[in-house]
Amino acid sequence: MSESVAAAKTLFKRFRTMLYDCDASLLREQLASLCGAGCAARLAHPIGDLQGPGSLFEQGYAPLLTAIPDLERRDYVVVGGLQDDETWIGSGGYYTGVFERPWLDIPPTGHLVTMRYIEFFRIEGNQIVEMKLLWDIPALMMQAGAWPMAPSLGVDMHVPGPATQDGIVDGADDAQTAESFALVQAMVDGLSRFAEGGADAMQLDKYWHPKMNWYGPAGIGSNRRISGFRQWHQIPFLKAMPNRTGGKDNSWDCYFADGDYVVFCGWPAMKATVTGDGWMGISPAGQELLFSSLDIWRCENGMLRENWVLIDLLDVWNQLGVDVLERMREKTGATK
């Protein structure tokens, strides 16, 4: 592990502690102490792009803290690595607390809720200078009984952390790190062969463990085994968007390994056109879409055993001209 990655993990531990013992009265000052003045933060739709720790507090965390005053951050994966000489931290986990007041017009439940995240942080000069924060907002809508779109094909549930409980990686073997990255890259290369030879050409069983778990975002859901992944996610996705493409270019923020874990941040990561009979209740408009997708894979004995995935689904619908939050307001009576 490089010195810059080790230093970044030490800095990020302060960020994690700050949001675990979250105090709304201190958070603005704490963010300013950790983030550069020009820190660029990208959040899921409808929050969008923010500039500087002040905006991140006012438009990102403060409204969430108003809704969930006892907000608590729980990381189950924290890894670090280099991408084009830039130092990145990747993390996955969930926010939790009692949902007491509306947030984004999602009605409060008065009960404990959980909202998954996959987040990436670029560290430079002992400061956070860039953030990619993808929060699973649809999951909170579902817990509030306010989901206005088609039901998930997979299972919507509280997604667990790694089965091995070793996701907070302080130090990792370089050989294992390289082996993990090579495994994921080979799997990704296999996915790209779908256009040439269909599902068989992807050779999923060569890379994925027989008891693999794929933890998708709310709206898609989670699945177990290759058969579950294919039936409840991959086949519907590829039927609707057979021309999907993705590749390493300037839009890929980071892609690296740390021990048994490999992480990816692409904002956007892929483009595709909805055709056929549509996807997730979306009619085939023939419109090209950009997908923001963040991944965490866990490798075990040369196979992929777990995969945490988030996609900015509200942004996907927004690109098609569907305002999911307005549909939710109509469903809950928040629109007068």
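What counts as what
Residues numbered from 1 in each chain as written. Predicted model: local features only at pLDDT ≥ 70, side-chain atom pairs only at ≥ 80, totals over all residues. Heavy atoms only, no water. Helix = DSSP H or I, 4+ residues; strand = E, 2+ residues; numbered from the N terminus. Expected span 1.5 Å × (residues − 1). Bend = angle between axes of the 7 residues up to and from the residue. Buried < 20%, exposed > 50% of the residue type's maximum accessible area, 1.4 Å probe, protein only. Phe/Tyr/Trp six-rings, centres within 6.5 Å; stacked < 30°, edge-to-face > 60°. Salt bridge = Lys/Arg side-chain N within 4 Å of Asp/Glu carboxyl O. Pairing = 2+ DSSP bridges. Axes fitted to C-alpha atoms, helices over the stretch in contact; angles between N-to-C directions. Contact = heavy atoms within 4.5 Å. 1 Å grid on protein atoms, 1.4 Å probe; cavity = no way out; pocket = protein on both sides within 12 Å on 5 of 7 lines; lining within 4 Å. Points joined across faces, edges and corners; volume = space filled by probe spheres on them. Nonpolar A, V, L, I, M, F, W, Y, C, P; charged D, E, K, R; others polar. Parallel < 35°, antiparallel > 145°, perpendicular 65-115°, else oblique. Left-handed = near helix turned anticlockwise from the far one by under 90°.

*Asks:* Can you tell me about helix α8 (residues 225-240), naming the residues and giving the values?
*Replies:* Within an α-helix, residues lying three or four positions from one another point in the same direction, as the helix has 3.6 residues per turn. In this model, α8 (16 residues) spans 22 Å end to end at C-alpha, consistent with the 22 Å of a helix rising 1.5 Å per residue. The axis of α8 is deflected most strongly, by about 45 degrees, at Gln231. Residues of α8 that are buried: Ile226, Gly228, Phe229, His233, Gln234, Pro236, Phe237, Leu238 and Ala240.

*Asks:* Describe the packing of aromatic side chains, with residues and values.
*Replies:* Scanning the entire structure with this criterion turns up 18 aromatic pairs. Each ring, one from Phe12 and one from Phe15, has its centre 5.4 Å from the other, and the planes form 15 degrees; the classification is stacked. Of this pair, Phe12 and Phe15 both sit in helix α1 (residues 3-20), 3 residues apart, which is roughly one turn of that helix. Within the aromatic cluster, the residues linked to one another by ring pairs are Tyr61, Tyr95, Trp103, Tyr117 and Trp135.

*Asks:* Give me the lowdown on unusual backbone geometry, citing residues and values where you can.
*Replies:* Across the junction of His45 and Pro46, the peptide omega takes the value 10 degrees, indicating a cis bond. You can see Pro46 is positioned in the loop between β1 (35-43) and β2 (49-51). Residue Pro268 follows Trp267 across a cis peptide bond; omega there is 5 degrees. For Pro268, the position within the fold is in strand β10 (residues 261-273). One non-glycine residue, Asp85, adopts positive backbone phi at about 70 degrees. In this structure Asp85 comes out as exposed when scored by relative accessible area, which is 76%.

*Asks:* Go over the pattern of salt bridges with me, naming the residues and quoting the values.
*Replies:* Summed over all chains, the structure comprises 17 salt bridges. A salt bridge links Arg16 to Asp75, with the shortest nitrogen-to-oxygen separation between them at 3.4 Å. Separated by 59 residues along the polypeptide, Arg16 in helix α1 and Asp75 in strand β3 (residues 72-83) bring together distant segments of the chain. The class for Arg16 is partly exposed, based on a relative accessible area of 23%. Two residues, Glu119 and Arg73, come together in a salt bridge whose shortest N-O distance is 2.7 Å. Remark: Arg73 occurs in strand β3 and Glu119 occurs in strand β5 (residues 112-124); sequence separation between them is 46 residues. For Arg73, a relative accessible area of 2% puts it in the buried group. Here the salt bridges do not stand alone but share partners, grouping Arg122, Glu124, Glu130, Lys132 and Asp253 into one network.

*Asks:* So what's going on with the sheet that holds strand β4 (residues 86-98)? Residues and values would help.
*Replies:* Taken together, 6 strands build an open sheet; the order of strands is β2-β1-β6-β5-β4-β3 and the sheet is mixed. In this open sheet, the two edge strands, each paired with only one partner strand, are β2 and β3. Adjacent strand axes in the sheet meet at a mean angle of 15 degrees when their direction is disregarded. Bridging between β1 and strand β6 (residues 127-135) involves 5 bridges; their strand directions are parallel. By the bridge assignment, Leu43 is partnered in β6 with Leu133. Running at roughly 165 degrees to β3, α1 makes contact with β3, β4, β5 and β6 of the sheet.

*Asks:* How would you summarise the layout of surface pockets if you had to cite specific residues and measurements?
*Replies:* Space inside the second largest pocket adds up to approximately 180 Å³. Counting only elements with at least two residues in the lining of the second largest pocket, the list comes to β5 and α4 (137-143). Split by residue class, the lining of the second largest pocket holds 8 nonpolar, 5 polar and 3 charged.

*Asks:* Please set out the pairing of β1 residue by residue, giving values where relevant.
*Replies:* As judged from the 3 bridges shared by β1 and β2, these two strands associate in the antiparallel manner. Residue Ala40 lies in a different strand from β2, and its bridge partner there is Gln51. Hairpin connection between β1 and β2: a loop of 5 residues separates the two successive antiparallel strands, and Gly48 in this loop has a positive phi of roughly 80 degrees.

*Asks:* Can you break down the packing of helix α2 (residues 24-34) against helix α3 (residues 52-67) residue by residue, with the values?
*Replies:* One can describe the packing of α2 onto α3 by two numbers: an axis separation of 10 Å at closest approach and a directional angle of 150 degrees. What the angle tells us is that α2 and α3 run roughly antiparallel. Seen from above, α2 lies across α3 with right-handed handedness. Across the interface between the two elements, Ala24, Leu27, Arg28, Leu31 and Ala32 from α2 touch Pro53, Gly54, Leu56, Phe57, Glu58, Tyr61 and Leu65 from α3.

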